[in-house]
There are 2 protein chains.
Amino acid sequence: MGNRDKKVSMAVVRRLPRYYRYLGELLKHDITRISSKELSQRMGVTASQIRQDLNCFGGFGQQGYGYSVEYLYKEIGNILGLYNGYTTIIIGAGNLGRALANHSNFEKRGFKLAGIFDISDDLIGEEVRNIEIMHMDKLDEFVKLHRVDIAVLAIPKQGVSEVAQRLANLGVKGLWNFSYTDLNIESDVNIENVHLSDSLMTLSYQITQKN
Amino acid sequence: MGNRDKKVSMAVVRRLPRYYRYLGELLKHDITRISSKELSQRMGVTASQIRQDLNCFGGFGQQGYGYSVEYLYKEIGNILGLYNGYTTIIIGAGNLGRALANHSNFEKRGFKLAGIFDISDDLIGEEVRNIEIMHMDKLDEFVKLHRVDIAVLAIPKQGVSEVAQRLANLGVKGLWNFSYTDLNIESDVNIENVHLSDSLMTLSYQITQKN
DNA sequence: TCATCCTTGTTAATATATTGTCAATAAATT
DNA sequence: AATTTATTGACAATATATTAACAAGGATGA
């Protein structure tokens, strides 16, 4: 049983998608089994870390054999909730909102895009990926009707706090926040921030220090 | 002097942009001084961590007073290389490439967007933000002429490895990689991956475990 | 000017994360 | 069927990161 009961650290959780990705590649190449040692070499991590990470969720492997790629792939997908068919909406039909709507991995990972919202009258009625852009006035009704799980926040930081609170109140479970601000919401909604500028600045730091 | 000489850990580096952001907000509100204690409360971290992080780079504060917001802001900006006027290009003029080109923070943080490249003939000649989209054939010449520092990779993963190696060979210092693959380049080029799907899957995990 | 208060920079203590080791055991080989 | 090899899961050892504690010294106010 080991450490399967303990709370799993975010350090481990953030590595799961990467395992999932590599296992998916192996599957594509018809590789049916993999040892932690070989996977570690492909991924550039230690075999020990892989085994320890996986054991947070269960003993998926077999001594002397390794791991079944397909089984492990599905198990991790399951842990990540990728087969739950979460319904998503995008708030903001600007460049970023559209880019995310067209992001192929989005649907490939099992997320269903149900609606896109904006406040600009020019955009209302336009279609992105066969999904009509709706006015924010319709948001509440839509979220309740379609039982939206995840909302993608692709709007400027000025309005984001109010919208985020509104979504949380409507029962949305997760906010994927691209606006350049930290959300502080009165709710137990889960928030995942993607601060693109932060990432670029980190790259800038590395260049600066090296040269 | 303390730990100023030791190699700074990425955990610390990744927090710098956030400090920079909060200090910028303080500046906007005409707050001229701040203690680690008050900043820690605003940011939701420990004061100890702030002081320890900053001391990796120097003693910017003063006992009994705290930190000068403007001074600290500029110092961190400097550490991050934001005043070096790095020249950037975007590879891929699809939705994501355009979104990033139009990203206002991009220029606000001191990065100069010099060119956008694509392979699709339909797009060549079109303009995004007054910048003409050029064909990849012109890439080598352009990078050399304009001394490009950073390239943003906003193309599908199929072609990204080859392009990345090409850019590295041309002397580009940093790659900001949005393609859903890990780059393995023969060069000392710095790579910052932004795997959007990974982030969404992490959010999915959190929702799944909680409910 | 002097005493008190405040806040840093630094070091020590604690907590967390990663890596190494090995007994247990299944698979592969002889 | 017996032996060797491979590999896990668990745990111990190590390394890294975070937090707490505090002496040193400037700021503040009487």
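As the structure is a prediction and not an experimental result, all values here were calculated from the model.

Cut-offs applied
All residue numbers refer to positions counted from 1 along the written sequence of the respective chain. Labels are handed out in written order, letters beginning with A for the chains and numbers beginning with 1 for the ligands. Whole-chain, interface and lining totals are the exception, using all residues; otherwise, since this is a predicted model, local features are given only for residues with pLDDT of at least 70 and side-chain atom pairs are given and counted only at 80 or more. With hydrogens and water set aside, each side-chain value is computed from the structure's full complement of heavy atoms. Between any two strands, pairing holds if DSSP finds at least two bridges. Under the scheme used here, helices are H or I runs from DSSP no shorter than 4 residues and strands are E runs no shorter than 2 residues, and both carry numbers assigned from the N terminus. We call Phe, Tyr and Trp rings a pair once their centres come within 6.5 Å, taking the six-membered ring for Trp, and we label the pair stacked below 30 degrees between planes, edge-to-face above 60, and tilted otherwise. To sort residues, take the accessible area from a 1.4 Å probe on protein chains only and compare it with the maximum for the residue type: under 20% means buried, over 50% means exposed, and anything in between is partly exposed. By the criterion adopted, a ring carries a charge over it if an Arg CZ or a Lys NZ lies within 6 Å of its centre and within 35 degrees of its normal. Whether two residues are in contact is decided by their heavy atoms: any pair within 4.5 Å suffices. Buried surface area refers to the total accessible area, computed with a probe of radius 1.4 Å, that the two partners give up upon joining, counted for both partners together. By definition here, a salt bridge exists when the distance from a side-chain nitrogen of Lys or Arg to a carboxyl oxygen of Asp or Glu is within 4 Å. Here the nonpolar group is Ala, Val, Leu, Ile, Met, Phe, Trp, Tyr, Cys and Pro; Asp, Glu, Lys and Arg are the charged ones; every other residue, Gly included, is treated as polar. Only the stretch in contact is used when a helix axis is fitted, and all axes are lines through C-alpha atoms; the angle between N-to-C directions ranges over 0 to 180 degrees. Directions drawn from the helix axis to the C-beta atoms are what define this arc. A least-squares fit on C-alpha atoms brings the copies together, and the residues used are those whose pLDDT is at least 70 in both copies. Nine residue types can take part in a nonpolar core, namely buried Ala, Val, Leu, Ile, Met, Phe, Trp, Tyr and Cys, and a core is a set of them joined through side-chain atoms within 4.5 Å.

Peer 1: How would you summarise the sheet that holds strand 1 (residues 33-34) of chain A if you had to cite specific residues and measurements?
Peer 2: To summarise the sheet geometry, strands pair through backbone hydrogen bonds and adopt either a parallel or an antiparallel arrangement. All names here are of chain A. Here three strands make up an open sheet; going across it, the order is 1-3-2 and the pairing antiparallel. On the outer flanks of this sheet lie strand 1 and strand 2 (61-62), each paired with one strand and no other. The sheet contact formed by strand 2 and strand 3 (residues 66-68) spans two bridges and is antiparallel. Bridging across to strand 3, Gln62 finds its partner in Gly66.

Peer 1: Summarise the packing of aromatic side chains; cite the residues concerned and give the values.
Peer 2: Using the criterion set out here, one finds 14 aromatic pairs over all chains in the structure. Plain terms: the ring middles of Tyr20 of chain A and Tyr73 of chain A are 4.2 Å apart, the flat faces sit at 10 degrees to each other, and that makes the pair stacked. Placement of Tyr20 of chain A in helix 2 (residues 16-28) and of Tyr73 of chain A in helix 5 (residues 69-79) is noted, with a sequence separation of 53 residues between them. What makes Tyr73 of chain A buried here is its relative accessible area of 17%. Here Phe117 of chain B and Phe142 of chain B contribute two aromatic rings whose centre-to-centre distance is 5.3 Å and whose plane-to-plane angle is 75 degrees, an arrangement assigned as edge-to-face. Placement of the pair is Phe117 of chain B in strand 4 (residues 112-118) and Phe142 of chain B in helix 8 (residues 139-146), with a sequence separation of 25 residues. When sorted by exposure, Phe117 of chain B lands in the same class as Phe142 of chain B, which is buried. Each member of the aromatic cluster is reached from another via a ring pair, and the members are Phe106, Phe111, Trp176 and Phe178 of chain A. Seen from the ring of Tyr65 of chain A, Arg33 of chain A lies directly overhead, with NZ or CZ sitting 4.3 Å from the centre.

Peer 1: Which residues make up the interface of chain A and chain B, and what values do they have?
Peer 2: Each partner contributes residues to the interface: chain A has 64 residues there, and chain B has 64 residues. Carbon and sulfur atoms supply 61% of the area buried between chain A and chain B, which totals about 5,300 Å² over both sides. There are eight salt bridges connecting chain A and chain B. The shortest N-O distance in the salt bridge between Arg21 of chain A and Asp182 of chain B comes to 3.3 Å. Secondary structure elements with two or more residues in the side of chain A that touches chain B: helix 1 (10-13), helix 2, helix 5, helix 6 (95-102), helix 7 (104-108), strand 9 (174-177), strand 10 (190-193) and helix 10 (196-210) of chain A. Among the elements that make up the side of chain A that touches chain B, the one with the highest residue count is helix 10 of chain A (15 residues). Of the residues assigned to the side of chain A that touches chain B, the class counts are 30 nonpolar, 19 polar and 15 charged.

Peer 1: Outline the sheet that holds strand 6 (residues 131-135) of chain B, listing residues and values.
Peer 2: Pairing in this open sheet of seven strands is mixed, and the strands run 5-6-4-3-7-8-9 (chain B) from one edge to the other. Where the open sheet ends on each side, the last strands, each with one partner, are strand 5 (127-128) and strand 9 (190-193) of chain B. As defined by bridge partners, strand 3 (residues 87-91) of chain B adjoins strand 7 (residues 150-153) of chain B across four bridges and the pair is classed as parallel. Residue pairing for strand 7 of chain B: Thr88 of chain B is matched across the bridge by Ile150 of chain B. The strands that helix 10 of chain A touches are strand 7, strand 8 (174-177) and strand 9 of chain B; relative to strand 9 of chain B, the one it contacts most, it runs at about 165 degrees. Contacts between helix 9 (residues 157-169) of chain B and the sheet are confined to strand 3, strand 7 and strand 8 of chain B, with strand 7 of chain B contributing the most and set at about 175 degrees to the helix.

Peer 1: Could you give an account of the pattern of salt bridges, naming the residues involved and the relevant values?
Peer 2: By the definition in use, this model includes 26 salt bridges over all chains. In this structure, Arg15 of chain B and Asp53 of chain B form a salt bridge, with 2.7 Å as the shortest nitrogen-oxygen distance. Remark: Asp53 of chain B occurs in helix 4 (residues 47-54) and Arg15 of chain B occurs in the loop between helix 1 (10-13) and helix 2 (16-28); sequence separation between them is 38 residues. Of the residues examined, Arg15 of chain B reaches a relative accessible area of 24% and is grouped as partly exposed. Several salt bridges converge on common partners, so that one network encompasses Arg18 and Arg21 of chain A together with Asp182 and Asp198 of chain B.

Peer 1: Describe in detail the pairing of strand 5 (residues 112-118) of chain A, supporting the description with residues and values.
Peer 2: All names here are of chain A. Extensive coverage of strand 5 is indicated by the burial of five of its seven residues. Two strands pair when backbone bridges link them, and strand 4 (residues 87-91) and strand 5 are joined in this way by five bridges, in the parallel orientation. Counterpart to Thr87 in the pairing with strand 5 is Lys112. In the sheet, strand 5 pairs with strand 7 (residues 131-135) via three bridges, with the strands oriented parallel. Looking at strand 7, one finds that Phe117 is bridged to Met134.

Peer 1: Just give me the short version of helix 4 (residues 47-54) of chain A, but keep the residues and values in it.
Peer 2: All names here are of chain A. Within helix 4, burial applies to Ala47, Ile50, Asp53 and Leu54. The buried residues of helix 4 occupy an angular sector of 130 degrees when the element is viewed end-on, so they sit on one face. Elements that come into contact with the buried residues of helix 4 comprise helix 1, helix 2, helix 3 (36-43), strand 3 and helix 5.

Peer 1: Report on the relation of the copies chain A and chain B, specifying residues and quantitative values.
Peer 2: Relative to chain B, chain A is turned by 180 degrees and slid 0.0 Å along the rotation axis, the superposed coordinates differing by an RMSD of 0.0 Å. Between the two chains, the operation in question is that of a two-fold axis.

Peer 1: Run through the side chain of Asp149 of chain A, naming residues and quoting values.
Peer 2: Turning to its location among the elements, Asp149 of chain A is positioned in the loop between helix 8 (139-146) and strand 8 (150-153). Taking relative accessible area as the criterion, Asp149 of chain A reaches 10% and is therefore assigned buried. Other than its neighbours up to four places away in sequence, Asp149 of chain A contacts Gly85, Tyr86, Thr87, Val172, Lys173 and Gly174 of chain A together with Ile207 of chain B.

Peer 1: With reference to specific residues and values, describe the nonpolar core.
Peer 2: Counting 106 residues, the largest nonpolar core has Phe57, Ile76 and Trp176 of chain A together with Phe57, Ile76, Ile116 and Trp176 of chain B as its most contacted members. With residues near it in sequence (within four places) discarded, Ile76 of chain B still touches Leu16, Tyr19, Tyr20, Leu23 and Leu54 of chain B.

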